[in-house]
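Structural description and commentary
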Amino acid sequence: MTDLTVENLSVVYGQAIAALDDVTMTVSEGRMTALMGANGAGKSTVLKAISGVLEFERGRISTGRVTFGGQQLNDIPVHRRSRMGVAHVREGRHILSNMTVEENLDVAGFAAPPRSKAETARIADRIYGYFPVLGERRRGTAGYLSGGEQQMLAIGRAIAAEPRVMLVDEASLGLAPMIAEQIFEILGRINADTGLTILIVEQNVGLALRYAEYVYVLENGRVALEGTRDTIGTREEISARYLGGD
Ligand code: ATP
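Fair warning: this is a prediction, and the values are worked out from it, not measured in the lab.

We now examine the domain arrangement of the chain. Much of the literature gives interface size as the accessible area that the parts lose upon coming together. Split into domains, the chain comes out as domain 1 (1-29 + 42-85 + 163-172 + 185-199 + 212-224) and domain 2 (90-162). Contacts between domain 1 and domain 2 engage 17 residues on the former and 15 residues on the latter. For the domain 1 and domain 2 pair, buried surface summed over both sides reaches about 1400 Å², with 60% attributable to carbon and sulfur atoms. Of all residues in domain 1, the largest losses of buried area upon contact with domain 2 belong to Arg83, Pro163 and Ile186, amounting jointly to 34% of the total for that side. Taken together, the connections running from domain 1 to domain 2 amount to zero salt bridges.

In structure tokens:
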């Protein structure tokens, strides 16, 4: 199984800021898993430790490990992790604003092993199939897309690298509820169609519980609660207890 695991992971930033404390999680192959928690609970740090971008923020793993398909990732540089199939859609929609939608997808594809023109076009078409609005705007400048469309492009860029696991940080942030729902519906479809393993960080408890099969809740850098969508508790309970109400 190509599961992704985080085992007894502790992370510090700089000299002393402890962001994660003994976090253990399994992201099962082919599933959609969610990570929830209040601001500052450590959610983004988990994703950064998995993709490796932690090192760019003066963060480091003090104890524990990250594994993918049984292989330890801790000391593997970011670009090699992405070649191994780990894609990270970071918070804040990292897109190339001055380039077209099409160019954004092409450039993102360079993270994958070299491919032919036909292959590149096939992958772009698959992305436009999931996000038709990106297809319509393929020659448009990415910076002029709406917030929701930019989030779609950020996800499209991750898919262009043909990952085996996709980490998605706060996809719904700042979006109208209908647009956020649409993006999650598409993520759910991608997961169901292709079996792509997806780990989402999400503060919208309702969305996370609707789309993820298994859920973790972080509190002050520790796993406070975990379980399947059906057993973990209601949206109201989780919101009130861990996210400061709803
Ligand atoms: P948010 O929803 O606000 O993004 P989060 O749950 O994703 O929150 P993290 O961003 O992982 O939380 O942050 C966890 C803790 O680590 C917080 O106390 C935060 O202030 C701290 N932290 C995060 N990034 C850094 C950094 N680059 N340098 C120092 N401290 C950091």
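Further remarks concern the packing of aromatic side chains. Evaluated as defined, the whole model comprises two aromatic pairs. Arranged with centres 5.8 Å apart and planes meeting at 55 degrees, the rings of phenylalanine 184 and tyrosine 211 form a pair that is tilted. With phenylalanine 184 in helix 7 (residues 177-194) and tyrosine 211 in helix 8 (residues 205-211), this residue pair connects regions lying 27 residues apart in the sequence. Taking relative accessible area as the criterion, phenylalanine 184 reaches 1% and is therefore assigned buried.

A few words now on the pattern of salt bridges. The final tally for this structure, using the stated rule, is 13 salt bridges. Residue glutamate 57 is joined to lysine 48 by a salt bridge in which the shortest nitrogen-to-oxygen separation is 3.1 Å. As a salt-bridge pair, arginine 126 and glutamate 162 come within 3.7 Å of each other at their nearest N and O atoms. Note that arginine 126 is positioned in helix 4 (residues 117-130) and glutamate 162 in the loop between helix 6 (147-160) and strand 7 (165-169), a separation of 36 residues in sequence.

Strand order in the open sheet made by the six strands is 6-7-8-3-9-10, with mixed pairing throughout. Every interior strand has two partners, whereas the edge strands, strand 6 (86-89) and strand 10 (222-228), have only one. The average angle at which neighbouring strand axes cross in this sheet is 15 degrees, direction not considered.

Our focus in this paragraph is the site of the ligand. Around the ligand, the structure places 15 residues, and the nearest of them are Gly40, Gly42, Lys43, Ser44 and Thr45. Taking alanine 41, its main chain carries an N or O atom lying 3.1 Å from an oxygen atom of the ligand. Here an oxygen atom of the ligand sits 2.5 Å away from a polar atom, N or O, in the side chain of threonine 45. Protein coverage of the free-state accessible area of the ligand, which is 630 Å², stands at 67%. Going through the elements one at a time, strand 2 (17-27) and helix 1 (43-51) are the ones with two or more residues in the shell around the ligand. For the shell around the ligand, the element with the highest residue contribution is helix 1, accounting for three residues.

Turning next to the pairing of strand 4 (residues 59-68). With eight bridges connecting them, strand 1 (residues 4-13) and strand 4 associate as antiparallel partners. For glutamate 7, the partnering residue across the bridge sits in strand 4 and is arginine 65. As paired elements, strand 4 and strand 5 (residues 71-72) share two bridges and run antiparallel to each other. Bridge pairing in strand 5 links threonine 67 to glutamine 72. Where strand 4 folds back onto strand 5 in an antiparallel hairpin, the turn is made up of two residues, including glycine 69, whose phi is positive at roughly 60 degrees.

Parameters at a glance
Residues numbered from 1 in each chain as written. Predicted model: local features only at pLDDT ≥ 70, side-chain atom pairs only at ≥ 80, totals over all residues. Heavy atoms only, no water. Domains from an automatic or database assignment. Contact = heavy atoms within 4.5 Å. Buried area = accessible area lost by both parts, 1.4 Å probe. Salt bridge = Lys/Arg side-chain N within 4 Å of Asp/Glu carboxyl O. Phe/Tyr/Trp six-rings, centres within 6.5 Å; stacked < 30°, edge-to-face > 60°. Helix = DSSP H or I, 4+ residues; strand = E, 2+ residues; numbered from the N terminus. Buried < 20%, exposed > 50% of the residue type's maximum accessible area, 1.4 Å probe, protein only. Pairing = 2+ DSSP bridges. Axes fitted to C-alpha atoms, helices over the stretch in contact; angles between N-to-C directions. Near = heavy atom within 4 Å. Polar contact = N/O pair within 3.5 Å; in protein donor to acceptor, adjacent residues only side chain to side chain. Areas by Shrake-Rupley, 256 points an atom, 1.4 Å probe, with all protein chains shown as cover.

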